Amino acid sequence: MHRTQIYFEEELFEEIKKEAFKRGESISSYIRSVLKKEIKKKKNRKINFNEIAGLWEDKNMDLISLRESAWKK
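Keep in mind it's a predicted model, so treat the numbers as computed, not measured. (Residues numbered from 1 in each chain as written. Predicted model: local features only at pLDDT ≥ 70, side-chain atom pairs only at ≥ 80, totals over all residues. Heavy atoms only, no water.)

A. Main features of the overall build of the protein. Broken down by element type, the protein carries three helices and zero strands. Listing each helix as α and each strand as β along the protein from the N terminus yields α-α-α. For the protein, the C-alpha radius of gyration of 23 Å lies well beyond 11 Å, the compact-globule estimate for 73 residues. Its C-alpha atoms give the protein principal-axis dimensions of roughly 60 × 30 × 25 Å. Counting across all 73 residues of the protein, residues that qualify as buried make up 7%. Element-wise, carbon and sulfur atoms account for 55% of the exposed surface of the protein, whose accessible area totals about 7,700 Å². Treating the 18 positive side-chain charges of the protein as one cloud and the 13 negative ones as another, the clouds have centres 8 Å apart. (Helix = DSSP H or I, 4+ residues; strand = E, 2+ residues; numbered from the N terminus. Rg over C-alpha atoms; globule rule 2.2 N^0.38 Å. Buried < 20%, exposed > 50% of the residue type's maximum accessible area, 1.4 Å probe, protein only. Areas by Shrake-Rupley, 256 points an atom, 1.4 Å probe, with all protein chains shown as cover. Lys, Arg positive; Asp, Glu negative; His and termini not counted. Charge placed at Lys NZ, Arg CZ, Asp CG, Glu CD.)

Put into structure tokens, the structure is as follows:
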């Protein structure tokens, strides 16, 4: 296991302590479990392509215009 030092704002640390106590866990164990859950959630996130459909609609995206805009000064 790797050891590290993290600084928390006092208010956040108090919340962390309360939650760890409620679960009967040490503060370190609680923080690890929360981080693991968040990382797992991000890994399992599916991309909803409907959210980005039409993003480039009405944009001039041909090769010549892209090159011109890339080399503008």
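We are not done yet, so read on.
B. A look at the pattern of salt bridges. Taken as a whole and assessed by the stated rule, the structure comprises five salt bridges. The residue Glu25 makes a salt bridge to Arg23 at a minimum N-O spacing of 3.7 Å. Note on Glu25: relative accessible area 24%, which makes it partly exposed. A residue is classified by how much of its surface remains accessible, and Arg23, at 48% relative accessible area, is partly exposed. Notably, a salt bridge pairs Lys41 with Glu38, separated by 3.0 Å at the nearest N-O pair. With Lys41 and Glu38 both in helix H2 (residues 27–43) and three residues apart, the pair spans about one turn of that helix. (Salt bridge = Lys/Arg side-chain N within 4 Å of Asp/Glu carboxyl O.)

C. Structural context of helix H1 (residues 10–23). A rise of 1.5 Å per residue sets the reference length of H1, with its 14 residues, at 20 Å; its end C-alpha atoms lie 20 Å apart and thus fit the reference within 8%. Gly24 sits one or two residues past H1 and shows a positive phi near 70 degrees. (Expected span 1.5 Å × (residues − 1).)

D. Local environment of a nonpolar patch on the surface. There is a patch of nonpolar side chains on the surface, built from Ile47, Phe49, Ile52, Leu55, Trp56, Met61 and Leu66 and spanning about 760 Å² of accessible area. Classification of Met61 as partly exposed rests on a relative accessible area of 40%. (Patch = residues over 30% accessible without salt bridge, like charges linked within 9 Å, V, L, I, M, F, W, Y side chains within 5 Å.)

E. View of the environment of Phe8. Along the polypeptide, Phe8 turns up in the segment before H1. According to the relative accessible area criterion, Phe8 is partly exposed, its value standing at 29%. Excluding residues within four positions of it along the chain, Phe8 makes contact with Phe13, Ile16 and Ile31. (Contact = heavy atoms within 4.5 Å.)

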